[in-house]
Every structure is written in C-alpha cells, then in structure tokens.
Amino acid sequence: MPTPPPPTPWDFDLDRVPPGEDLIGIGADLGVATLYEAYTIGAFPMGIGDHGGDPLGWWSPDPRGILRLGDLKVSKSLRKSLSRFEVRVDTAFEQVVLACADPRRTGRWITPQIVEAYLRMHEAGWAHSIETWQEGRLVGGLYGVAIGGLFAGESMFHLVRDASKVSLVGLHRLLAEDCDVRRLVDVQWRTDHLATLGVTEVPRNEYRRLLAAALEAPLPALWA
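All of the points below concern the structure found in this document. (Residues numbered from 1 in each chain as written. Predicted model: local features only at pLDDT ≥ 70, side-chain atom pairs only at ≥ 80, totals over all residues. Heavy atoms only, no water.)

This paragraph deals with the sheet that holds strand 8 (residues 150–158). Where strands meet in a sheet, backbone hydrogen bonds hold them as pairs that are either parallel or antiparallel. Read across the sheet, 7 strands follow the order 5-6-7-8-9-4-10 without closing on themselves; strand pairing throughout is mixed. Of all the strands in the sheet, just strand 5 (86–89) and strand 10 (200–202) have a single pairing partner and so form its edges. Ignoring which end each strand starts from, the neighbouring axes of this sheet average 35° apart. Packing against the sheet, helix 3 (residues 93–100) makes contact with strand 6 (127–134), strand 7 (137–147) and strand 8, and its axis sits at approximately 100° to strand 7. Running over the sheet, helix 7 (residues 204–215) touches strand 4 (64–68), strand 7, strand 8, strand 9 (184–188) and strand 10 and is turned about 140° from strand 9. (Pairing = 2+ DSSP bridges. Helix = DSSP H or I, 4+ residues; strand = E, 2+ residues; numbered from the N terminus. Axes fitted to C-alpha atoms, helices over the stretch in contact; angles between N-to-C directions. Contact = heavy atoms within 4.5 Å.)

Given below as structure tokens:
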C-alpha cells in the first residue's frame, strides 16, 4: 500500500470558495504531497493559459461530474465490443498519459509539467492507468488518481472506436469487485458524451460529502 506523503504547505480551504465558482486558486506546485492533498479535499490542477499552460490553476467544479458504482451504462454495441479488446492495468502508464497529452488533440491541456507530475504520482503508487489493448497494440485508455475509494479520472483517449469506453468498463469492474458502495469515480465535469455512460452531476457540497465517505473505503485490492 502506498504511503501518504507529508502535509503540503499550501492552503486548499474550499469553505471560502463561492458556490458555482470552479477555479479555486492559482499557483502552488505539482509535488506529490500537493496533488495528494488537493484530491483529498476535492481539487485538481489544470493550467489556465493556452492549452493548459501557465499559470497553474486549481479547480473544484460546482457542480461536479461523477460516476457512481452501478450507474455505468453499457450499450448493446459496447457490450459486443468488449470481446474484441483486452483490458490491462498499469502496464503502460506513461504511454497512456502521453497519448492523452497528444498535442494534436482538440482541447489539449496536458503539458509536459503535468505529464511529469503524474509520472511521479504513479511512481509513488497513487496514479494508475486502465488500458485497452487489441492484438498487442495499445488502442485506448484512461488514467487517474486512486486514494481510498476515490478514483479521480484525469483523461482518456482512443485510437479505435469504443476503446476508451472499454477502459471505463474495466475501471468500473475493478472498483466494483468488493461491492463497496462508497467507491466513487470523479470525472470533473459532466459532458453530454459522459452522460450517455451514466455520469451525473452533484453540487460541490454533495461531492465533498461523497468524497469524505469514499476516502474512508480501502484502496481496491489490486492497488492496496
């Protein structure tokens, strides 16, 4: 089981943030201790400059997009697609992050600094990848941070149809293995696409309540 880092010197007090305000702060650093603290209170980093560049912003969306265990919607077509892929965990973390950071992607925001920060989180045991493989080739995946029963999804990609959705199915199965209803997938913002997969949104105060309960749950056995 990974060891929690020491406290960060930065202040992530969400009680001072007005309702409906997503951006909660600017600055700080991307150290493991800072990222760990941020996720445990409901915040995450993303630059507010062009394509995620400086300055570094810290976000806690209100409302917040979440996927509760049991809410994942698997369409008939996606169910058929599952047999065409192999799902692996943490075998190509850096490849997944770099694929998500591809500068050719629309709306790109993952900078080299973000890549390095999450590689450090992975090395410390807090960041993980769920990967979709086809005939020995990485064709999709997602990565995020797992603390207790929280999985905070950061980004996903696909090179063939349904590959990123298959990764999400794989994540849901992994988290649901012990049937602990406190587990929670944070997707940051709800989009129309994510809504078709079962993602809903809750006010920040409700998210913080759900987060507190999730953090009381153990890590999934695979990562404990």
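A few words now on the sheet that holds strand 1 (residues 23–26). One open sheet accounts for 3 strands, arranged 1-3-2; its pairing is antiparallel. Looking along the sheet, the strands with just one partner apiece sit at the ends: strand 1 and strand 2 (44–47). Across the sheet, the mean angle from the axis of one strand to that of its neighbour is 35°, orientation sign disregarded. With 3 bridges joining them, strand 1 and strand 3 (residues 56–59) adopt antiparallel strand pairing. Counted as the bridge partner of Gly25 is Trp58 from strand 3.

At a closest axis distance of 10 Å, the pairing of helix 3 and helix 4 (residues 112–123) adopts a crossing angle of 155°. Considered as vectors, helix 3 and helix 4 are oriented roughly antiparallel to each other. In this structure, the crossing between helix 3 and helix 4 has a hand that is right-handed. Each of Phe93, Glu94, Val97 and Leu98 in helix 3 lies in contact with helix 4, whose residues at this interface are Val115, Tyr118, Leu119 and His122. Partitioning the contact of helix 3 with helix 4 into residue classes produces 6 nonpolar, 1 polar and 1 charged. (Parallel < 35°, antiparallel > 145°, perpendicular 65-115°, else oblique. Left-handed = near helix turned anticlockwise from the far one by under 90°. Nonpolar A, V, L, I, M, F, W, Y, C, P; charged D, E, K, R; others polar.)

A few words on the layout of surface pockets. Considering only enclosed or pocket space, the largest pocket measures out at about 530 Å³ in volume. Looking at the largest pocket, it is lined by 24 residues, and the ones nearest its centre are Glu154, Ser155, Met156, Val187 and Gln188. Among the elements that line the lining of the largest pocket, the one with the most residues is strand 8, at 5 residues. The class makeup of the residues in the lining of the largest pocket is 13 nonpolar, 7 polar and 4 charged. (1 Å grid on protein atoms, 1.4 Å probe; cavity = no way out; pocket = protein on both sides within 12 Å on 5 of 7 lines; lining within 4 Å. Points joined across faces, edges and corners; volume = space filled by probe spheres on them.)

This part takes up the packing of aromatic side chains. Applying the stated rule across the entire model yields 7 aromatic pairs. A centroid spacing of 5.6 Å and a plane angle of 90° characterise the contact between Phe44 and Trp189, whose relative ring orientation is edge-to-face. With Phe44 in strand 2 and Trp189 in the loop between strand 9 and helix 6 (192–195), this pair connects stretches of sequence that are 145 residues apart. Residue class for Trp189 comes out partly exposed when judged on its relative accessible area of 28%. On the basis of an interplanar angle of 80° and a centroid distance of 6.0 Å, the ring pair of Phe93 and Tyr143 is categorised as edge-to-face. Here Tyr143 lies in strand 7 and Phe93 lies in helix 3, a separation of 50 residues in the sequence. Taken individually, Phe93 and Tyr143 each receive the classification buried, so the pair is uniform in this respect. Through a chain of ring-to-ring contacts, three or more aromatic side chains come together here, namely Phe44, Trp59 and Trp189. Positioned above the aromatic ring of Tyr207, the side-chain terminus of Arg64 is 4.2 Å from the ring centre. (Phe/Tyr/Trp six-rings, centres within 6.5 Å; stacked < 30°, edge-to-face > 60°. Buried < 20%, exposed > 50% of the residue type's maximum accessible area, 1.4 Å probe, protein only. Lys NZ or Arg CZ within 6 Å of the ring centre and 35° of its normal.)

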